[in-house]
Each structure stands twice: as structure tokens, then as C-alpha cells.
Amino acid sequence: MLSIKNIERFYKTGPLTTWVLRDINLKVSEGEFVTIMGPSGSGKSTLLNILGMLDQPDAGEYLFFDEPVHRFNEKRRSELHKHYIGFVFQAYHLIDELTVYENIETPLLYRGIKSAERKAMIADVLDRFNMVAKKDLFPAQLSGGQQQLVGVARAIIGKPKLLLADEPTGNLHSSQGETIMELFAQLHREGMTIIQVTHNEKNAQYGTRLIQLEDGFVRDDAGVARLNV
Amino acid sequence: MQFKFILRSMARNKVYAGINILGLGLGIAAVLLIFQVVRYELGYNKNFSRYDRIVRVVTQSQSSEGESWNPCVPIPAMFAIPDAVPELTQVARMREFWPSISVPGAEDGTPPKKFLRKDPSVAFFTEPSFFEIFDLEWLAGDPKTALRDEGSVVIIRSEAERFFGSWQAAMNETLVLDNVARVTVRGVVEDLPPDCDLPINMLASWPTYIAQQALYYYDDNWGSCNSSNQVFGLLADASQLGAAERSLAKVGEKQYAENSSTGKADKTHRLQPMSDLHFSDKLNNSAFRTITKGRLKVLSFIALLILGMACFNFINLSTAMASQRAKEIGVRKTLGVGRGQLLRQFLGETAVVSVLSVALGVAVARLCLPLLKHISDVPVEAPFLSLPQTWAFLVFVTIAVTLLAGFYPAVVLAGFEPAGALKNSVGAVRGGHRAWVRQSLVVLQFSIAIAFIVGTIITLSQLHFIRTKDLGFDQNLIYTFYYNNDSLSVAKLNTLKNRLLQAPEVEAVSYNTDPPSSGNSWMSNFAFPSNAEDADFALQIKYADTDYPKTFGLRMAAGKWYDPSDTMKQAVVNEAFLRKMGVEKPEDAIGEDLKLGGRAGIIITGVVQDFHAFSVHQPIAPLMISTQRDYYYNAAVKVNPGDMAAAARAIESAFDEVYPEQVFEGHWYDETIARFYEDENRFANACKGFGVLAIFIACIGLFGLSSHAAARRAKEIGIRKVLGAGTAGITALLARDFIKLVLVAFVLAAPAGWYFMNRWLQDFAYRIDIQWWVFVVAGAVALVGATLVVALQTVRAALADPVESLRSE
Ligand SMILES: Nc1ncnc2c1ncn2[C@@H]1O[C@H](COP(=O)(O)OP(=O)(O)O)[C@@H](O)[C@H]1O
Ligand SMILES: [Mg+2]
């Protein structure tokens, strides 16, 4: 599905160059559930942003469904992003001024999906996530777990091929976190490709593959020995 | 301590502090400039210490056309007033005149020195009681005797210096007025200040007036009321105005009734207090400039609007940023600070901003002081910052701005509930509950700005209309000048005309009383035809020679111009005359006769097409043009296109050759006409200036608000971009809220602008129709301004890297 070759990312502050990612090579196939782990500042978020086409590498190649993303201009990148990728954030990043319903609807608006179809899609998702009763509430009126549910709902409403999640449970209680992870597992079973960043060993167990980042290098890349659940 | 915090907070929010200080500073500058205008105008004539008790006797006339006012007093009435009105402790007869002045040459053949009249200046024939009413500062001479004898004058210091080098040298020296009257300087007084409606340069004794009867139209007749013949008086007490008017009403009662066609007195004398002299819209003064209190109120109102707009910016930005301060307030409250203390803190912050703004405002106002001449008469040299009133006003403005701008935000901020404030949830839902106040203020700002633009466009269109309107005569390439019409000079008029026509530049020369359009008017009662009853309105008269139509390009509707004559035998009338008299075909009037005053049998030889004899404020009135050579004092020279400066020089040298002793002062006629509309020009300039300022203040406010909105919504913008929003979509999202406000402002301002400008246009008898595109343009200007300003902020926000704004610490 996607492959990156010799990806580099650095920041220049004055005379200083800070390397964030160095010589990253990675291939992800459809249907994988990849977990990225590593200490704070090791470049996990940066890698995820590059994969999600929100950020660009300073060097290296990025092929997405065999398309050379690194050669695309911003407009084409954001088109690809819009149609194939869903993003879940640690801080949820819901729009405070919009209701639950409107938050979930937003990506569909940007894809130009017709009103009737939108309604049906949102109704489906609300139903699936048990949030029908909450659809008219504002984010501030929800608990963290519920907000992240909305975040996930919003990420998958457009049926993306790839779901990226940057510490999706980082701000949640363990029980709320479990709900989200169960949801990911289920999406995975349904065939969605997922790449998540987490600090939590238990969450990593949901994935099929574990990548360890350290100081911008991939230290380890291996399959996950599934716990017996 | 406090102060340090305030400065630190301003440094942190440089852009917002800058917007506040810039907006308020400019607003205050405008207010200061208007204050200077209003203060200057209200200070008029206060140089006279008896200001409160001085009155002018004026004449109120009734006719079928309505009432009219004139500062004239017939000479016999002047003599009746002192006895008839005991409430006046002093009465001074006065006669305005504008003499050319020269210092005669000596026996040894040194040529006379001629002096151009300085504008504005006026001379009066008057009597010693003048000095009991108006206190002047005497440098030399005795107020009791200086104006006692024939041939005595008192001049002001600067004229004395101009004529004789120094005022000390002027005493007992000789001057020649209008080439005829030799007078002796018997006193020198200090110059009058510029804010005085008696811009006197010379006072001559009353006996001199009587001695020069012919030259100065001395007419000792109850029927003659010349606006230059005036009476000023002094009340024993200002409260006796009513009593004095009642006594005055008896003056001339009998004579005016005898002279009137109805048998009832059509005139009464009234008193105009000195305090009204500068502000009357009915009566002119010797400075030929008045300004109504209404106009001053409009100016003050504009100042208030501009200052209000600047304060709105402050209110909007501080309340918009309130959420940022919510946390600080919450912490302070949990530490036990009282509401009152918080209020004081926030007002203190505003006071610092006010003081800085006032400082900026003073600096800008000083820089802009020379611009005042485009909207007012205030001379650049008029004292401004040296006046204690100005400083008192500045203190007042500082306090007013602090309260106006600071009070509401302070109440909002101090009113935060600590719990809510700490959770930072202020305004989290749907943009905040105070948003409507901000939105209303923005709407108000843009309404004001749009109204100003509408005003500017309409005044400029009307001015353009006036400038390009066919006035019915030519105003271009005509050079005019006055000459003395004493019999010696009149005898040489033909020589001058021939001499002028020899110049290759000159096409035609006409002698007359007035050009077709002038501020002057000669009116007379008349009958048409001669044997009919006098008409119940007065006829306007111009006297001119037979070259008049050629010189000014007048067009005939029927018949021909009258034949050459030195006295009044034939005449032409205008179309308005025929309409008013019910003559349908112009040809029918030819050969008819009319009676002017007591003079019957004036034959109408032609009908001239209507032309504007006054400014376009007034409808075209019935008019007659006839001959009367002794009355002419104005010459008009039509030149051919080409080097106009050379033409002017040729005319002047011809004049100097024929009249070496006379002072020459020529004017291009189109410039004279342009001066009729000085007031409108000023109004247009004021609209323009304040319109630009209003738009600017509204736009920088919008700049602050939109930049704040973009900052506040940075996270939302990031999310939306991640969800697939494009730059255009985000810009539109952010801009929409503000553009909506401008549209609402437009809807409010357009009818208001229409209403006020329509009223303004009513003052013109000839005016433009207000076109719909005026509003489109005004709306578009506001919209484009607002969009540019908002787009600047929102495009930047839309282009921002979403990863940046979404990075969670
Ligand atoms: N805009 C930036 N400028 C400079 N350094 C940055 C910037 N963004 C990220 N970094 C640095 O890059 C490194 C990796 O960041 P990140 O990918 O967020 O790490 P992780 O998500 O693994 O905690 C960090 O050391 C961070 O300080
Ligand atoms: Mg991270």
C-alpha cells in the first residue's frame, strides 16, 4: 500500500540542525495494523504526519499506492489525504463551535458529498458508535472518551483506506482507552489499514506489527506476538 | 508596579496595542482639529470687551415673496434712532466702503504709491461714538477727536506700516482714497484679530462721507436701503434687547407705510446681537463670512462619531481578547481580589492607552493643522497648543476616552466568574455570548464610513455638476477688474477700450455693474407695462453696455440687444421675467415698455435666454439689463485662447497707461465663480477627509478583530485543513463573518446617507438626482476595504501549516 525509502526530516534553527527522522525505510501493506512506539521526541508524530501527507520529508521517497507523493505539490497531496486517509489526534481536535453531528459531517462537506447521502452516512456512524443521543451536544459537553469517539467517527466517516492515530488514548482513562482500542481492532478486522502511535504496551498488543523508533532511527520492526485475549 | 504590568501586557500584544493607539490617536487628532475649528469660530468678535451688549440695527422686510433680512438702515432712520431708542446708550452710524488707497506723490515729481486692498478688509465712515462701542487699542491719536472733522481717518498699525514704513510716521500724513478723496491720518490703532467680523483697515469721519456724496452713493432718503449703510449700538444692559427692539419698531413706521405699495409698512427694524453676527444665516457681515451654529454642531457631531469609532475598536479588541485574560482574572479572583479593584485595574490600563493616544493625537493634529484651510477658515497661525482651553479639552478627552472605551470592557472582564474563567470556557460555545456587542459596533463603524463615502460622492458629483453646468454665459477666458467711476475716469473709458482692443489677445471689452453671475444684486420695484400697478416683487437689474452679450456669450431668445446709450432708455429682460409676467411668446414682449422705480417708458428690445445670475443655490429670477454709464465700475475683457498670463499682462499695462493713478487688480472670472462654491468645496473636502479616516479606523479595527479571530481559531483551521478544507474555503469561512457585518452596515447606511444628502441637495435650486450607483460604489469601497483587510489575516491563517497549530505540547 505504501512504502517510504530513505526518509529524512530535520529542523534548522540558526546554525543548528536537529535531525528528527534519519534514513527511515518502511513498507506497509493493506490490512496491516502497525504500532509505532518510542520515547518522547523520537520522531513518531513527525513520521505519522509525513505518512498522513500533512508534513513533507526533507529527503527520500514516499510511494502511496505506487504514486510518488514526494513529487506532488501541496494541492495533490491534500487531495490524496482527503480521500484516503483518516487522522485521530491525542487531543481529539474537535471544533468547539460545532455539534457532534456537525463535527462528523465536516470531512464529508469538504469532499462534496450530497446532503442526503451525508445524512445516511452520519446516521450509520452515530448508530454504530452509540452516539445518537449526543449528536446535538457540543464537544465541551462530552467526556474525553466520548470526544475521542467522535474523533474516530470523524476520521472514518469518509471510509479512508488508511487510519492514522497519534496517541489516541493518551488523554483517556484506561477504560475509555480500551473502548477506543476495541473499536480500532474491529475496524482492522473489517479490513482497514491502521497505523497508531502509542506509549502503552497493552495498546500495542492490538496491532499486528510493532516499530520501535529511537532518535529518529528505526530500531526494531517486528510482528507482534499476540497476547491471548 | 501596576504600570509595569500594563506596559508588559502591551508589549506582549504589540499589534493590538498598536491598533488601539493608532485608531484612538487618529480619532483624537480629528477631534482636536474640529475642536480648533469650533473654538475658533465660537471665539469670533470676543475681542470686543462689550461683546454682550453690542447690537446691530437691521431691517426685516415683508413682501409677497416672504420675509427677507438686510443689515441696511436708511440714512434718515440712522438719525432717528438715538432719540427713539433710549435703551441704546451709544449709537454709531456706519458706511462700509472698500477704497483703493494711494499715497500722493510729492511736489518734486515722485510718483504716487498705489496699494492693493488686502482681503478681507473693510473701511467704514463712522463717528466718534464707534469707539465707545468697539474698544480699539490706540497707538496714536485721540478717540474723541480723531473722527470729528471732514477728511480725517484712523488707520490700523499694519496699514500704517505698509503706507509709511512705520506707524509712528503715519500721523498727519495724507492718503488719497479712490483717487479722489484726500484724507489725513488722525489716529493709528492696533490691528484687529483675524477672528473678528469687522476686519477694519481704516475708519473715516462721517463728514468725509457727506463731502463725497456722489462717489459713495450718499442717499438721504427713507426709500433707499443700502446694505453698506449700517448702525451699531450699545445696550446699557444685555437684558434690554427686547425693550430696545420695541422702541426701535417705531422708527420709520410712518415713512415705510407711505413708500409701500400696500400702504402698510413693509419694513421694520430689528436688533441683531453681536453674538449672532458670525452665526446668522439671514444676515451677512463685513467679513462676508458667517457659519451657522448648525454647521458647527454637525462638525462636533462628526468629531464625536470619529472618536466613537476609535473607541469601538478599543472595546471590540479588549472584549475579544477577554477570553485570553480569563485565566488571569480567575486566578486573581481566587486570590480574593474585589470586583472594584479589578475594575480599577482595567480602567487604569485603558487610561495608559488613552494618554498615549492623546499624545499621538496631538502630534498628528499639529502636523495636520495646515490642512484645516481646506475645510474651514481657521488660519494656520491661529493659536492652538498654546491655549489653556486646548489643554483643558485634552484632559477632558483623555478622561472621556478612558471611560467611553474602557468602562464596558472593564465591566465584562471584572464580571467573569472565577470557576468558569479558570476552565477557560468563556465564549467556547458558538463564538461567545458577547459577540453581538462587537458585531453591532463593527456594523455601526462601517455604517458611518459608508455614509461618509456616500456624502463624498454626492458632494463631488454636485460640485462637478455645478462646474460643468451651462450657466447660460461664458465664464472662461474673461478677465475682470474694477475701475473708479468718478467723472474724470469715466471720460477716459473709451480710450481704455480702444487701447485694450488693440492688443492682439483681446476680443471684446464690456463695462458694466456686474458680470452675469455675481454676489451683488441691484433690485428695484417696477411696473410692466409702464402704466400698470407696481408688481408685488422686486426686479433684479444689471447695467451694462452693448458689448456685454458679446463678452459673456449671452444668447438671445428674441429681439436684439438695446442700442448704445449713456442712460436708461431701452432694456432686455430674461425668460424668467416673461414667465413671471405671463408673457407666453418672447416676441410678444418686444416693443413693450416697463417702469422702473419712478422712471417709465423703458422699451424692451429683446429677451435674453435665462442665465444664472446667482449661484445655483437660487432659482433664476426675473431680471432686466439696461444702460446707465455712470453706474458701471466693472470691466470685463474677453481674450482669445492662448497665453493667458500674457493677456493679463497686456490688459494691466493698457490700464496703467490710461489710469496711472489707479490701482489695478484683475481676476479671471471662472476663478471668481469657483469661489461662490467654496463652502461646498469645503464640505466635500471634509467628507473626503473624514470618510477616509472613518474607513481607515473601521478597517484597522477589523484588522485587529480578524487577526484575533484567526489566532483564536488557529486550531479549528488546522483541523479543517486536516479534514480536507482548501485555502479558499478557509479564507471564506473566516472572512464571511466580517463581510456579513459590512453588508448589514450597508443596508443601514444607504438609506441614512440618501436621506441626509438629499436634504443637503435641497439647498440647491439646480441639483443632481442621487443615482443608485453612488450606493453601489460606496458599498463596494467599504466591502473591498474590509475584504482586503480580512483576507490579509485569513489567508495567512489558511496557509498556516496545520501540523504547527495542532501540535499538542
Ligand atoms: N517545528 C519544529 N521545529 C523544531 N523542532 C521540531 C519541530 N517539530 C518537531 N520538532 C522536534 O522534532 C522532534 C520529534 O518530534 P515528534 O515527532 O513530535 O516526537 P514524538 O511524537 O516522538 O514525541 C522533537 O525533538 C521536537 O522537538
Ligand atoms: Mg508525538
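For the structure, check the block above.
Cut-offs and rules
- Residues numbered from 1 in each chain as written.
- Chains lettered and ligands numbered in written order.
- Predicted model: local features only at pLDDT ≥ 70, side-chain atom pairs only at ≥ 80, totals over all residues.
- Heavy atoms only, no water.
- Helix = DSSP H or I, 4+ residues; strand = E, 2+ residues; numbered from the N terminus.
- Rg over C-alpha atoms; globule rule 2.2 N^0.38 Å.
- Buried < 20%, exposed > 50% of the residue type's maximum accessible area, 1.4 Å probe, protein only.
- Contact = heavy atoms within 4.5 Å.
- Areas by Shrake-Rupley, 256 points an atom, 1.4 Å probe, with all protein chains shown as cover.
- Lys, Arg positive; Asp, Glu negative; His and termini not counted.
- Charge placed at Lys NZ, Arg CZ, Asp CG, Glu CD.
- Core = buried A, V, L, I, M, F, W, Y, C linked by side-chain atoms within 4.5 Å.
- Buried area = accessible area lost by both parts, 1.4 Å probe.
- Salt bridge = Lys/Arg side-chain N within 4 Å of Asp/Glu carboxyl O.
- Polar contact = N/O pair within 3.5 Å; in protein donor to acceptor, adjacent residues only side chain to side chain.
- Nonpolar A, V, L, I, M, F, W, Y, C, P; charged D, E, K, R; others polar.

### A short note on the overall build of chain A
Item 1. Along the backbone of chain A there are seven helices and ten strands.
Item 2. In summary, chain A has a C-alpha radius of gyration of 18 Å against a globular reference of 17 Å for 229 residues, a match within 12%.
Item 3. Referenced to the eigenvectors of the C-alpha coordinate spread, the extents of chain A come out at roughly 50 × 45 × 35 Å.
Item 4. The buried share of chain A, reckoned over its 229 residues, is 53%.
Item 5. Across chain A, every contact between residues at least 6 apart in sequence was considered, and the portion connecting residues at least 24 apart equals 69%.
Item 6. About 10800 Å² of surface is accessible on chain A, with carbon and sulfur atoms providing 48% of the total.
Item 7. In chain A, which carries 26 positive and 29 negative side-chain charges, the distance between the mean positions of the two groups comes to 4 Å.

### Describing the nonpolar core
All names here are of chain B.
Item 1. The biggest cluster of nonpolar side chains holds 122 residues, and the ones touching the most others in it are Phe446 and Ile625.
Item 2. Ranked by residues supplied to this core, first place goes to helix α2 (residues 14-42) with 17 residues.
Item 3. Setting aside anything within four residues of it in sequence, one finds Phe446 in contact with Ala698, Cys699, Leu702, Val742, Ala745, Ala782 and Ala786.
Item 4. Residues Val506, Val509, Tyr511 and Trp668 belong to the second largest nonpolar core, which totals 47 residues.

### Here we look at the interface of chain A and chain B
Note: interface size is frequently given as the accessible area lost on complex formation between the parts.
Item 1. Contacts between the two partners involve 23 residues from chain A and, on the opposite side, 18 residues from chain B.
Item 2. Around 1900 Å² of area is buried between chain A and chain B when both sides are counted, 59% of it from carbon and sulfur atoms.
Item 3. Put simply, chain A and chain B have zero salt bridges between them.
Item 4. Where chain A meets chain B, there are two residue pairs in polar contact (both at pLDDT 80 or more).
Item 5. The element that contributes the greatest number of residues to the side of chain A that touches chain B is helix α3 (residues 100-110) of chain A, accounting for four residues.
Item 6. Considering only residue class, the side of chain A that touches chain B consists of ten nonpolar, six polar and seven charged.

### Points about unusual backbone geometry
Trans is the common state for peptide bonds, and a negative phi is the common state for residues other than glycine.
Item 1. Residue Pro120 of chain B follows Asp119 of chain B across a cis peptide bond; omega there is -10°.
Item 2. Each neighbour pair has its own omega, and for Phe528 of chain B with Pro529 of chain B the value is -10°, a cis peptide bond.
Item 3. Position of Pro529 of chain B relative to the elements: it lies in the loop between β17 (526-527) and β18 (539-543).
Item 4. Even without being glycine, Asn6 of chain A reaches a positive phi, approximately 50°.
Item 5. Residue class for Asn6 of chain A comes out partly exposed when judged on its relative accessible area of 43%.
Item 6. One non-glycine residue, Asn172 of chain B, lies in positive phi territory at about 65°.
Item 7. Within the element layout of this structure, Asn172 of chain B appears in the loop between α5 (157-164) and β9 (174-177).
Item 8. Since its relative accessible area comes to 48%, Asn172 of chain B is described here as partly exposed.

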